[in-house]
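Chain by chain, the residues run as shown.
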Amino acid sequence: MTTTRSITLECLRYNPEQDVEPHLQTYDVPYTEDMSLLQGLQYIKDHVDGSLTFRWSCRMAICGSCGAMVNGVPMLSCHTFLRDLVPGPVRVEALTHFPIVRDLAIDQSDFLHKLESVKPYIITDQPRTPADGASVQTPAQIDDYYQFSECINCLLCYAACPQYGLNGKFTGPAALALLHRYNADSRDEGKAERMEVINDETGVWGCTLVGLCSEVCPKGVDPARAINQNKINSTKDYFMRSVTPRGRRSP
Amino acid sequence: MSAPRTYTRPMGLWWQRLPFYRRYLLREATCAFVIGYALMLLFGLWRLGQGRAAFEAWRAALAAPASLVFHAFALVAITFHAWTWFEVMPKTLPYIRWHGRRVADSTIVRGGLLAAGLASLLVLALAWGTLT
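Residues numbered from 1 in each chain as written. Chains lettered and ligands numbered in written order. Predicted model: local features only at pLDDT ≥ 70, side-chain atom pairs only at ≥ 80, totals over all residues. Heavy atoms only, no water.

Some details on the pattern of salt bridges
Worth spelling out the cut-off: Salt bridges, as used here, are contacts in which a Lys or Arg side-chain nitrogen is within 4 Å of a carboxyl oxygen on Asp or Glu. Helix and strand labels come from DSSP, where a helix needs a run of H or I of at least four residues and a strand needs a run of E of at least two; each type is numbered from the N terminus. Note on classification: 1.4 Å probe, protein chains only; a residue is buried when its accessible area is under 20% of the maximum for its type, exposed when over 50%, partly exposed between these limits.
Inspection of every chain in the model, using the stated rule, returns 18 salt bridges over all chains. Across the pair A:Asp222 and B:Lys91 runs a salt bridge, and its minimum N-O distance is 2.9 Å. Remark: B:Lys91 occurs in helix 4 (residues 65–92) and A:Asp222 occurs in the loop between helix 8 (212–216) and helix 9 (223–243); the pair is interchain, linking two chains. B:Lys91 matches A:Asp222 in its accessibility class, with the two residues each being buried. Linking A:Arg225 and B:Asp105 is a salt bridge whose minimum nitrogen-to-oxygen distance equals 2.4 Å.

The following block contains the structure:
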């Protein structure tokens, strides 16, 4: 005779229309070896409590929708397995450092503004058209930026970063990693335009290399590396500005 | 339809949430010992400038029990400081290529720790020679 195993999920609930502050609600979820935490949440929504609200889409760690705090660690719920969380109870909360809209769904608008601010597109001195033909890159040139292009904007790094939590103005790991992705791309000529974002106290200098961002990143982007490499670039830029004040094109 | 009233959780005692954060703050706290040791050395330099008697008095003070306790803690703290420093050093450097392949982070970490260790042994050897 087989007994169904179950695990307890304690989910942080918050209904903006009814609640003053969030509270934990406990659910028992029967699980199998192959079930992800996302499937656990879906079980709750389908069979126990239809009001539980959470974002998800691809269920394969590529869309970046399903981020949540799992026992205090930011993880993708589709990428986290219930078998690894036994015996439980498992505390499931919305990503920290972001305002909660409802239950496990957060307000990402601050991040979206920061994403825009880093100019995340190829900038060339002269506009390019298809008539100019294809750009050519060697494997080494692609290697320079490729890992930083893997970001799925899941915001686990922002939830991990205490500097972002303490100072919401910090541009943050993912945005700065994407900035570095474009600076490191051989096709891009827009480094000077992005310098202002890098050099600011809310740019790379807001980072104290806690390093948890790179640990929790599900795609291996390593934002800590992207940011801290640019501290050297920022220092060089500062030095060059002091020596040749009119030497740089103003952004 | 108005925007929903969002809830922002306070940071509170954030470093207690994860062992990773505690280790990070411990790493940062070791700088207190780095500063303390640097000030002690600067003080010794100043005493050296005041003449042999002053310098010898400073050296004798280093052997006091309180000083030895400080040095014991400082040794542990600065060893941890150096270890964690080299742990993160690869993140601060651009990728280095050697014969077309990236130098692995672990190589940089080990290289840094080895250099620090050898330098420490060298200083210890030099200092040992001055013991009367």
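A short note on the packing of helix 2 (residues 31–49) of chain B against helix 4 of chain B
Residue and element names in this part refer to chain B. The condition is simple: In this analysis an axis means a line fitted to C-alpha atoms, helices contributing only their contacting stretch, and an angle means the value between N-to-C directions, from 0 to 180 degrees. Working rule for angles: under 35 degrees goes down as roughly parallel, over 145 as roughly antiparallel, 65 to 115 as roughly perpendicular, anything else as oblique. Left-handed describes a crossing whose near helix is turned anticlockwise from the far helix by less than a right angle; the clockwise case is right-handed. In this analysis, two residues are considered to be in contact whenever any of their non-hydrogen atoms come within 4.5 Å of each other. For this classification, the nonpolar set comprises Ala, Val, Leu, Ile, Met, Phe, Trp, Tyr, Cys and Pro, the charged set comprises Asp, Glu, Lys and Arg, and every other residue, Gly included, is treated as polar.
Across the interface, helix 2 lies against helix 4 with an axial gap of 9 Å and an inter-helix angle of 125°. Judged on the interaxial angle alone, helix 4 and helix 2 are oblique. As for the relative orientation of helix 2 and helix 4, their crossing is left-handed in sense. Side by side, helix 2 and helix 4 meet where Cys-31, Phe-33, Val-34, Gly-36, Tyr-37 and Met-40 of the first sit next to Phe-70, His-71, Phe-73, Ala-74, Ala-77, Ile-78 and His-81 of the second. Taken together, the residues that form the contact of helix 2 with helix 4 break down as ten nonpolar, three polar and no charged.

Some words on the packing of aromatic side chains
Under the convention used in this document: Only rings of Phe, Tyr and Trp enter the pairing, Trp through its six-membered ring, and a pair is recorded when the two centres are within 6.5 Å. The plane angle decides the type: under 30 degrees is stacked, over 60 is edge-to-face, the rest tilted.
Counted according to the given criterion, the structure contains ten aromatic pairs over all chains. Ring geometry for A:Tyr14 versus B:Tyr7: centroids 5.8 Å apart, planes at 45°, classification tilted. Of the two residues, A:Tyr14 sits in the loop between strand 1 (6–13) and strand 2 (23–30) while B:Tyr7 sits in the segment before helix 1 (19–29), which places them in two different chains. Taken together, a centroid distance of 5.5 Å and an interplanar angle of 45° make the contact between A:Phe98 and A:Tyr164 tilted. Residue A:Phe98 is located in the loop between strand 5 (90–93) and strand 6 (100–102), and its partner A:Tyr164 is located in helix 5 (residues 162–166); the two are separated by 66 residues in the primary sequence.

So, the sheet that holds strand 4 (residues 73–76) of chain A
Consider a sheet: its strands pair through backbone hydrogen bonds, and that pairing is either parallel or antiparallel. Residues and elements named next belong to chain A. To keep it simple, the criterion reads: Two strands qualify as a pair provided DSSP detects at least 2 bridges between them.
Within the open sheet, the five strands sit side by side as 2-1-5-3-4. Their pairing is mixed. The outermost strands of the open sheet, each flanked by one partner alone, are strand 2 and strand 4. For this sheet the average axis-to-axis angle between neighbouring strands, irrespective of direction, equals 35°. Sheet analysis places strand 1 next to strand 5, joined by three bridges and oriented parallel. Following the sheet pairing, Leu-9 is matched in strand 5 by Val-90. Across the sheet, helix 1 (residues 37–48) lies against strand 1, strand 2, strand 3 (67–70) and strand 5, angled at about 95° from strand 2, the strand it touches most.

Some thoughts on the nonpolar core
All names here are of chain A. Heads up, the rule is: What makes a nonpolar core is a set of buried Ala, Val, Leu, Ile, Met, Phe, Trp, Tyr and Cys residues whose side-chain atoms join them at distances within 4.5 Å.
By size, the foremost hydrophobic cluster in this structure holds 71 residues, and its most contacted members are Leu-9, Leu-41 and Tyr-158. In terms of residues, this core owes the most to one element, helix 6 (residues 173–183), which gives six residues. Apart from residues lying up to four places away in sequence, Tyr-158 is in contact with Thr-96, His-97, Phe-98, Phe-111, Tyr-164, Thr-171, Gly-172, Pro-173, Ala-174 and Ala-175. With five residues, the next largest nonpolar core counts Phe-148, Ala-177, Cys-217 and Ala-226 among its residues.

Quick word on the side chain of A:Gln163
Heads up, the rule is: Here a polar contact is recorded for every N or O atom pair within 3.5 Å, except that within protein the pair must consist of a potential hydrogen donor and a potential acceptor, and residues adjacent in sequence are included only if both atoms are side-chain atoms.
Inspection of the secondary structure assignment puts A:Gln163 in helix 5. For A:Gln163, the side chain forms a polar contact with the side chain of A:Thr208, separated by 2.9 Å. Ignoring any residue separated from it by four or fewer positions in sequence, one finds A:Gln163 in contact with A:Phe170, A:Gly206, A:Thr208 and B:Tyr24.

Re the interface of chain B and chain A
Threshold: A simple way to read buried area is as the amount of 1.4 Å-probe accessible surface that goes missing from two parts once joined, with both sides added.
The interface of chain B with chain A comprises 24 residues on the first partner and 43 residues on the second. Between chain B and chain A, the buried area comes to about 2,800 Å², and carbon and sulfur atoms account for 55% of it. Among the residues of chain B in contact with chain A, B:Tyr7, B:Arg9 and B:Lys91 are the three that bury the most area, contributing 26% of the side total. Applying the counting criterion to the chain B and chain A interface returns five salt bridges. Applying the counting criterion to the chain B and chain A interface returns 19 residue pairs in polar contact (both at pLDDT 80 or more).

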